[in-house]
Amino acid sequence: MPLLLRRHSVLPGFGLALGFTLLYLSLVVLIPLSAAFLKTASLTWGAFTAEVTAPRVLASYRLTFGASFLAASINAVAGLLVAWVLVRYRFPGKRLVDALVDLPFALPTAVAGIALAAVYSTNGWIGRLFVPLDVKIAFTPLGVLVALTFIGLPFVVRTVQPVLEDLEPELEEAAATLGAGRLQTFARVVFPTVLPALLTGFALAFARAIGEYGSVIFIAGNMPMVSEITPLLIITKLEQYDYAGATALAVVMLLVSFALLLLINLLQWWTRRRRAAA
Amino acid sequence: MTALALPSQPAAPAAGARRIDRATAEPAWVRLALIGLALAFLTTFLFVPLAAVFYEALRKGVVVYARAITEPDALAAVRLTLLAAAISVPLNLVFGVAAAWAIAKFEFRGKNVLVTLIDLPFSVSPVIAGLIYVLVFGLQGWLGETLRDHDLKVIFAVPGIVLATVFVTFPFVARELIPLMQAQGVEEEEAAVVLGARGWQVLWRVTLPNVKWGLLYGVILCNARAMGEFGAVSVVSGHIRGMTNTLPLHVEILYNEYQFAAAFAAASLLALLALVTLALKAWVERRFSH
Amino acid sequence: MSIEVRNVTRRFGSFAALEDVSLEVCTGELLALLGPSGSGKTTLLRVIAGLETVDSGQVLFHGEDATTQHVRERRVGFVFQHYALFRHLSIFENVAFGLRVRPRSRRPPEAEIRRRVHELLALVQLDWLADRYPHQLSGGQRQRIALARALAVEPRVLLLDEPFGALDAKVRQELRRWLRRLHDEMHITSVFVTHDQDEALEVSDRVVVMNEGRIQQVGTPQEVYDQPANAFVYRFLGNVNLFHGRVQEGRALIGGDSVAVPAHGDTPAGAALAFARPHDIEVLRPRAGAQGIAARVEHVLALGSLVRVDLRPDAGNEVIHAELSREDARGLALAAGERVLVRPREVRVFAA
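Throughout this description, residue numbers start from 1 for each chain and increase along the sequence as written. Whichever chain is written first becomes A and whichever ligand is written first becomes 1, with later ones labelled in order. Given that this is a predicted model, residues contribute local features only at a pLDDT of at least 70 and side-chain atom pairs are listed and counted only at 80 or more, while totals for whole chains, interfaces and linings are drawn from all residues. As a rule here, side-chain values come from all non-hydrogen atoms in the structure, and water together with hydrogens is ignored.

J.: What am I meant to see in the interface of chain B and chain A here?
T.: Interface extent is often summarised as the accessible area lost during association of the parts. Each partner contributes residues to the interface: chain B has 95 residues there, and chain A has 96 residues. The buried area of a pairing is the accessible area, by a 1.4 Å probe, that goes missing from both parts when the two are put together, added over both. For the pairing of chain B and chain A, the buried interface totals around 8,500 Å² over both sides, and the portion due to carbon and sulfur atoms is 80%. Counted as salt bridges are all cases of a side-chain nitrogen of Lys or Arg within 4 Å of a carboxyl oxygen of Asp or Glu. For the interface between chain B and chain A, the tally reads two salt bridges. Between Asp102 of chain A and Lys281 of chain B there is a salt bridge, with its nearest N and O atoms 2.2 Å apart. Within 3.5 Å is the distance limit for a polar contact, defined as a pair of N or O atoms, with the added protein rule that one can donate a hydrogen and the other accept it, and that residues adjacent in sequence qualify only through two side-chain atoms. The tally of links from chain B across to chain A stands at ten residue pairs in polar contact (both at pLDDT 80 or more). Helix and strand definitions here come from DSSP, where helices need a minimum of 4 consecutive H or I residues and strands a minimum of 2 consecutive E residues; each element is numbered from the N-terminal end. Of the residues forming the side of chain B that touches chain A, the biggest block, 20 residues, is contributed by helix H1 (residues 28–58) of chain B. Under this grouping Gly is polar, as are all residues other than the nonpolar Ala, Val, Leu, Ile, Met, Phe, Trp, Tyr, Cys and Pro and the charged Asp, Glu, Lys and Arg. Each residue belonging to the side of chain B that touches chain A can be placed in one class, and the counts come to 70 nonpolar, 14 polar and eleven charged. A contact between two residues is defined here by any heavy atoms of the two lying within 4.5 Å.

Here it is in structure tokens:
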């Protein structure tokens, strides 16, 4: 393997460990993923574009990407707030709250889906409060937004939190001695420092949201053209044995995901550089 | 690891002394408002839905609850869920250790690409994770005919469920171990080799004991995802009751049949699993930080 | 146990860490590899240990070729710069490690392991720490445990990488005297790497001065200090004043002064660099007929038993540093701004 030049080391097991890693990675991830691209290659370009730009499909993109973007934005604001409160202030039950922030990571998405549907339906604990305003949440696009906000929450909190913890108090003290008020200090000193982490958290939440399935389908209502997300459309096509159609949509989603992965890697590299330079 | 690093608060002012706020602290009302806002957000999006699971599960009484979680289909679903986790977690654990050993302890070209590829399953929608296995092992797939000729079933059967679970939990252990083992360097391993230790001895006696908390952390997260996976498993399962239903799929079927109490009863088991996971995770983080 | 390194070259990419290095380490001696960072001294130590391979050349242990021998088979004791103690094992288990990982046929029985470990812990005077863990120990204690662990496998040679590098000044002093005494008791062939010339000169039997992957000089501490082979060695071993001048008929002409350089009759006449140590600089009050470099006192600083004087010559920009004894300084009673004459008592010249 000329690609894998290595420097000498006295430690054993390099060949075995790398060989197993590459084999397992290929079998579980790379070869099956390539199946999606090869399957799509059997379609003509015209058939492919027709598949991925059908009106129902376009509507699902709008909902999936639009709701994901909005949810990630909500998470950026709320996540920064939660991270700030957890790092800077004391209050009773803080340790518990801190641990529960990871709930969306740990709670199976199906459970989250039915729980959110129950709470945000018109007779649910929270949905009920919106009835007088004539606002329905569950079984509308708004429900999709709620579910995507739920599953994206920990990403922003957990990327911003360590950066806030590392922030030297001297920086803020210096700003104070130079005459800056608290708000100015936050806007000019704290915020720029956490910005790379905040953007990373946003991108992670967004990437997770566009692929999300389990928590959304129970609360979305799944009406074609209105509240149908792209992953659900893939499953629908699959259940109709339209493998080519399902795969074409999957390839579009995969390309978006890979682009996001690249972006996230760049953002993380930027974050690390910022922190190393500080 | 996270909650413990509190900035030191100013000591309570002596009686009668005028309180001077620290230059870098917000006024009390701002603090209270921010805490209130954060908790309100977390309550509407996290705490209320979590409470709703247990409330709905027990609404029809303990008897209904008990019956729901002990009926044969529910038990079969629990068994399959445990089986999928029992296969996929050890596989990904071995993979994680091997990948971290190669990546953290050796220099080679293409390393960054490899690290990115290992993270790939996290950025793939679970639905697509299921789909790609259908494309390989399904009746129309690459290996479809071969499998049929040998009377083997992967899709709509247990092997497919296990494969999908392995895929979605693939990076968990590796991504915990790689940065940890990189940070620890190779000096201790070299010292062990100079003192005469052989390959497995270095791994067992030096490397693994040093990363045991990170390893456990990865396993806990990996296990939670393995038991809770829904989208990917849903695509490959075929939803055959008592046969290819995992617990999350069982929840879906009951819910779609309007058996809400039973659906939430099954869901409450998974919610408990999530809470145990979070408790273990918090415990490991605290051990870790020492 | 003697070690011989023959024509070893080791490159990392385009960087030559070792360039045709040959060296002999005699049985029972304590040898220092001295050089600035990047000089190749650590690479040479790791090559001897077998932790690093060579591109060409040989390493011989007691006359036998060990170049391709695995580090495990070489039976070397290696003390790492940052000790590399196993943080999850107690001090006792750290020292016992090398015995426990032996194949069952060669592994000593448990009682024997206990006896050996306690013997070694007693040797490094830390028996009372057996049940502690590495993070509970001070730097100096960890250093001694690392040494005990290396000795537990009864190595044929002992190799130490910057053994005192991570310690504070006072502990360093004590430990290096202790290491010297320990070596005198055990007489195990030992090589240690250091960038600190005091350390090398004080502890070792012989010093190997290295720079840019090559050996510059090998000799006893006295030899390398008094008869440095080249300008690099002279500069590296202690503070030094540099004079640009000329060599003519066995004398160095420096800024209107001339100093005899009898030992350097072989330096070709012409432009030369002359070096003088601060303690070889004489400071005189100007008198009629007195020769020397005219200079002005810039700064006088009493440092313990010495007085350090910075002098700025009328010609040239480089400050001359002189170290006077307290008595001499008192006799001269120098103050900043005063004019004096400076004379190097002894210089070494190298062709410019």
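Moving on, there is more to tell.
J.: Help me out: how do you make sense of the packing of helix H2 (residues 62–70) of chain B against helix H14 (residues 260–288) of chain B in this one?
T.: All names here are of chain B. H14 packs onto H2 with a crossing angle of 70° between their chain directions and a minimal axis gap of 9 Å. Taken together, the axes of H2 and H14 lie roughly perpendicular to each other. Read as a crossing pair, H2 and H14 show a hand that is right-handed. Of the residues in H14, those in contact with Val64, Tyr65, Ala68 and Ile69 of H2 are Ala261, Ala262, Ala265, Ala266, Ser268 and Leu269. With axes taken as lines fitted to C-alpha atoms, and helix axes fitted only over the stretch in contact, angles between N-to-C directions fall between 0 and 180 degrees. Between 65 and 115 degrees an angle is taken as roughly perpendicular, under 35 as roughly parallel, over 145 as roughly antiparallel, and anywhere else as oblique. For a crossing to be left-handed, the near helix must be turned anticlockwise from the far one by less than a right angle; the clockwise case is right-handed.

J.: Please clarify how a nonpolar patch on the surface should be interpreted in this entry.
T.: The patch calculation keeps residues exceeding 30% relative accessible area without a salt bridge and links them within 9 Å when they carry like charges or within 5 Å when they are nonpolar (Val, Leu, Ile, Met, Phe, Trp, Tyr). Under the convention used here, a 1.4 Å probe and the Shrake-Rupley method define accessible areas, while residue burial counts only the protein chains that appear. A cluster of nonpolar side chains, namely Leu23, Leu27, Ile31 and Leu38 of chain A together with Trp142 and Leu143 of chain B, defines an oily patch on the protein surface of about 590 Å² accessible area. Within the secondary structure layout, Leu27 of chain A lies in helix H1 (residues 14–41).

J.: Please explain the packing of aromatic side chains as it appears in this structure.
T.: When we look at a pair of aromatic rings, we describe it by the centre distance and by the angle of the planes. To pair, rings of Phe, Tyr and Trp, with the six-membered ring standing in for Trp, must have centres within 6.5 Å; the planes then decide the type, stacked if under 30 degrees apart, edge-to-face if over 60, and tilted in the middle. One pass over the structure, following the stated rule, counts 34 aromatic pairs over all chains. Pairing Phe186 of chain A with Phe191 of chain A gives two aromatic rings, centres 6.3 Å apart and planes at 45°, and the pair type is tilted. Here Tyr234 of chain C and Phe275 of chain C contribute two aromatic rings whose centre-to-centre distance is 5.3 Å and whose plane-to-plane angle is 25°, an arrangement assigned as stacked. On the criterion of sequence distance, the pair formed by Tyr234 of chain C in helix H9 (residues 231–236) and Phe275 of chain C in strand E14 (residues 270–276) is long-range, its members being 41 residues apart. No difference in accessibility class separates Tyr234 of chain C from Phe275 of chain C, as the two residues are buried. Among the aromatic residues, those joined into a ring-pair cluster are Tyr213 and Phe218 of chain A together with Phe230, Tyr255, Tyr258 and Phe260 of chain B. Only protein chains enter the calculation, and the probe is 1.4 Å; a residue is then buried if its accessible area is under 20% of its type maximum, exposed if over 50%, and partly exposed in between.

J.: Just to check I follow, could you spell out the pairing of strand E6 (residues 76–79) of chain C for this structure?
T.: Working note: regular strand, side chains alternate between the two faces of the sheet. All names here are of chain C. Alternating positions in E6 separate into two faces, Val76 and Phe78 on one and Gly77 and Val79 on the other, with burial throughout. A pair of strands counts as paired when DSSP detects no fewer than two bridges linking them. As paired elements, E6 and strand E7 (residues 157–161) share four bridges and run parallel to each other. Note on E7: the bridge partner recorded for Gly77 is Leu158.

J.: When you look at the confidence of the model for chain C in this model, what are you seeing that I'm missing?
T.: As a note on interpretation, predicted positions should not be read in detail where pLDDT is low. Residue and element names in this part refer to chain C. pLDDT expresses how confident the predictor is about each individual residue, on a scale running from 0 to 100. Overall, the prediction assigns chain C a mean pLDDT of 88, with 97% of residues at 70 or greater. Within chain C, strand E13 (residues 257–260) has the poorest average pLDDT of any element, 72, and strand E9 (residues 206–211) the best, 96. Interface predicted TM-score (ipTM) for the complex: 0.90; the corresponding pTM is 0.84.

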